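Structural features, examined
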Amino acid sequence: MWPKAKQYDLVIVGGGLSGLVAAVSAREQQLSTLVLEKGRSIGGDGNYVEGAMGVDSYLQKAAGIDINPTELLQDELAYSHYEANAPHLKKYIDASGGVIDWLHNLGVKFAKVGPQGKSWSTIHTFAGGGHAAVQTLYANATQAGAEFVTSVSAQRLQQHDGHVTGVVIMDENTGQTHEIAAKNVLLATGGYVDNPDLVKTRVADNHRLMAVSDGKSTGDGMQLAWQVGAKHYSMGAIQYGGGAIYDKTQPPFVHMASQLAAAATQEAILWVNERGERFVNEDVNDNMCHAGSAILTQARTFSILDQAAVDHLTNVGLYKEVGNSPISPEKFDQLTSEIDDTLKQHAKYLTSAATLAELAEKLNLPALPATVARYNDIVAHGQDADFGKAADYLTGLHQGPFYGVELGVGMACALGGLRVDNQNAVLNDHGYPVPGLYAVGNDAAGMLVGDTYAVTLPGSTAGYAAFSGRNAVLSMVNAS
Ligand SMILES: Cc1cc2nc3c(=O)[nH]c(=O)nc-3n(C[C@H](O)[C@H](O)[C@H](O)COP(=O)(O)OP(=O)(O)OC[C@H]3O[C@@H](n4cnc5c(N)ncnc54)[C@H](O)[C@@H]3O)c2cc1C
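Residues numbered from 1 in each chain as written. Predicted model: local features only at pLDDT ≥ 70, side-chain atom pairs only at ≥ 80, totals over all residues. Heavy atoms only, no water.

- In the annotation of an unreviewed UniProt entry, the entry for the chain reads Fumarate reductase, and the organism field reads Lactiplantibacillus fabifermentans DSM 21115.
- Taken from UniProt, the Cofactor (unreviewed entry) comment for the chain reads in full: "FAD". (UniProt positions renumbered as here; feature names shortened; annotations may be inferred.)

Written out as structure tokens, the structure is:
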């Protein structure tokens, strides 16, 4: 169904987390507001979000969590190698607690606040997950009079004298197009993680990268903006979800709750490359993005478990509380049946053998027996002289059967491609706004990162989606 009117104060492209926040904010400012959503339902990847970043929120005050914003800024600038834009990151950090409070006042429920592994205590976990937050925001936006159309995508921006004046939209079912005029257009399309060609411009060797998003984050925002003169900014960072089962036959989300995947990415488990050589301190899994980067330094990666590891995970549980790696179960009660089922299905990503020599032969990993002998020696001495893995996670491999799990890298989101200013206005090559055009959420979050996603600041993209959606609207109102 086409939008009811021909013209709006604000057209928001994308009805995910940032678009929904922008819609609520726009109605607070009494802007006539249209949200275009190309999917059949709203929420985008916002539906899967665990929590959002905030500093000095009502929850943190209640929990006695006191974060020095300048120290946090310095830390994140250093983590990004100063590729993050300091004024924009500062504005986000300074406003973030207030944005959490604003969401709370709208009825968005938070369960708790805290860190994720070695990180700042910033992630505000949504009670009921991202889906509940999305539904609350949608209810607020529609009750306040924002109009939503689904299965309708933005195809092209219209421009007059350099000013963005409207959007050509398309019915995703019929392919018919239609024109809508707008005083301002806000891009909130979720970044580019689902566009392999764009991902390739960031990571050339991308065949083992597997997106776990909803498939709709195809970089539309940046491509729409580039067509009207926006700068092609750095392609920024991809949020790697660490090691993921490399299964070429099924979509990655099938394995998201897999206990085998969680077992294969424990700090204590040995990783080897295509030759069977060890290549990294496996406690890199404390940072899922670093773990993803490490995997991509090799042509192939295998996680090697022995039966003792399977028994330990099954009967005792995790070797350590999980850091910011993918979510791990508390008990690996399905691990053995998952292994048995997978072996019965002859899935290529899992191989078992009675001996290490046989596993090496089956997987064509000639160096594996020597690597395990060396690793067991390291474990016996309690010191990883090769890569410096912490002694607590040095666990030898002795007891067959042995298992090899092939790993690729999961991706949750990809940030970059556009440059925005502190008002979230999209900038051209000269650093000046393309009049009438704003970008928020993942479409603009390349401003906050260097080459590696900031797992040190958990909840940072969802927090930014909320901050930037609101910031853009308040800025455009102040500018008019
Ligand atoms: C499984 C998973 C878990 C995550 N967990 C977290 C977390 O816990 N914390 C965190 O900070 N981040 C998390 N993220 C990152 C997440 O992407 C962001 O936090 C958040 O969704 C970004 O909001 P957004 O509005 O930019 O994108 P989205 O919420 O994805 O919304 C973009 C919307 O734009 C629509 N769209 C795209 N192109 C067009 C077009 N041409 N026309 C119309 N509509 C269009 C899409 O269909 C989509 O609905 C997670 C991501 C995934 C995949």
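**Observations regarding the domain arrangement of the chain**
- Its domain assignment divides the chain into domain 1 (7-236 + 416-479) and domain 2 (239-411).
- Look at where the C-alpha atoms of domain 1 and domain 2 centre, and you get two points 35 Å apart.
- Of the residues lining the interface, 19 residues belong to domain 1; the matching set on domain 2 comes to 26 residues.
- When residues of domain 1 are sorted by the area they lose upon contact with domain 2, R208, M210 and V455 head the list and together hold 40% of the total.
- Viewed at the interface, domain 2 and domain 1 are joined by one salt bridge.
- For K118, the salt bridge goes to D286, with nearest N and O atoms at 3.2 Å.
- Where domain 1 packs against domain 2, one counts nine residue pairs in polar contact (both at pLDDT 80 or more).
- A per-element tally of the side of domain 1 that touches domain 2 places strand β10 (residues 209-211) first, with three residues.
- Classifying every residue of the side of domain 1 that touches domain 2 gives 10 nonpolar, five polar and four charged. (Domains from an automatic or database assignment. Contact = heavy atoms within 4.5 Å. Buried area = accessible area lost by both parts, 1.4 Å probe. Salt bridge = Lys/Arg side-chain N within 4 Å of Asp/Glu carboxyl O. Polar contact = N/O pair within 3.5 Å; in protein donor to acceptor, adjacent residues only side chain to side chain. Helix = DSSP H or I, 4+ residues; strand = E, 2+ residues; numbered from the N terminus. Nonpolar A, V, L, I, M, F, W, Y, C, P; charged D, E, K, R; others polar.)

**Observations concerning the sheet that holds strand β3 (residues 51-53)**
- Spatially, the three strands line up as an open sheet ordered β3-β5-β4, and their pairing is antiparallel. On the outer flanks of this sheet lie β3 and β4 (110-114), each paired with one strand and no other. With strand direction ignored, the average angle separating the axes of adjacent strands in the sheet is 25 degrees.
- Two elements, β4 and strand β5 (residues 123-126), share four bridges in a ladder whose sense is antiparallel. (Pairing = 2+ DSSP bridges. Axes fitted to C-alpha atoms, helices over the stretch in contact; angles between N-to-C directions.)

**Some details on the pairing of strand β14 (residues 350-353)**
- Side chains L350 and S352 project from β14 onto one buried face, and the interleaved T351 and A353 project onto a second face that is buried too.
- As defined by bridge partners, β14 adjoins strand β15 (residues 402-415) across four bridges and the pair is classed as antiparallel. When the sheet's bridge partners are listed, S352 is paired in β15 with Y403. (Buried < 20%, exposed > 50% of the residue type's maximum accessible area, 1.4 Å probe, protein only.)

**Comments concerning helix α9 (residues 288-296)**
- When you tally the buried positions in α9, you get seven out of nine residues, the bulk of the element.
- Buried residues of α9: M288, C289, A291, G292, A294, I295 and L296, and no others.
- Those residues of α9 that are buried lie in contact with β10, β11 (237-245), β12 (270-273), β13 (301-306) and β15.

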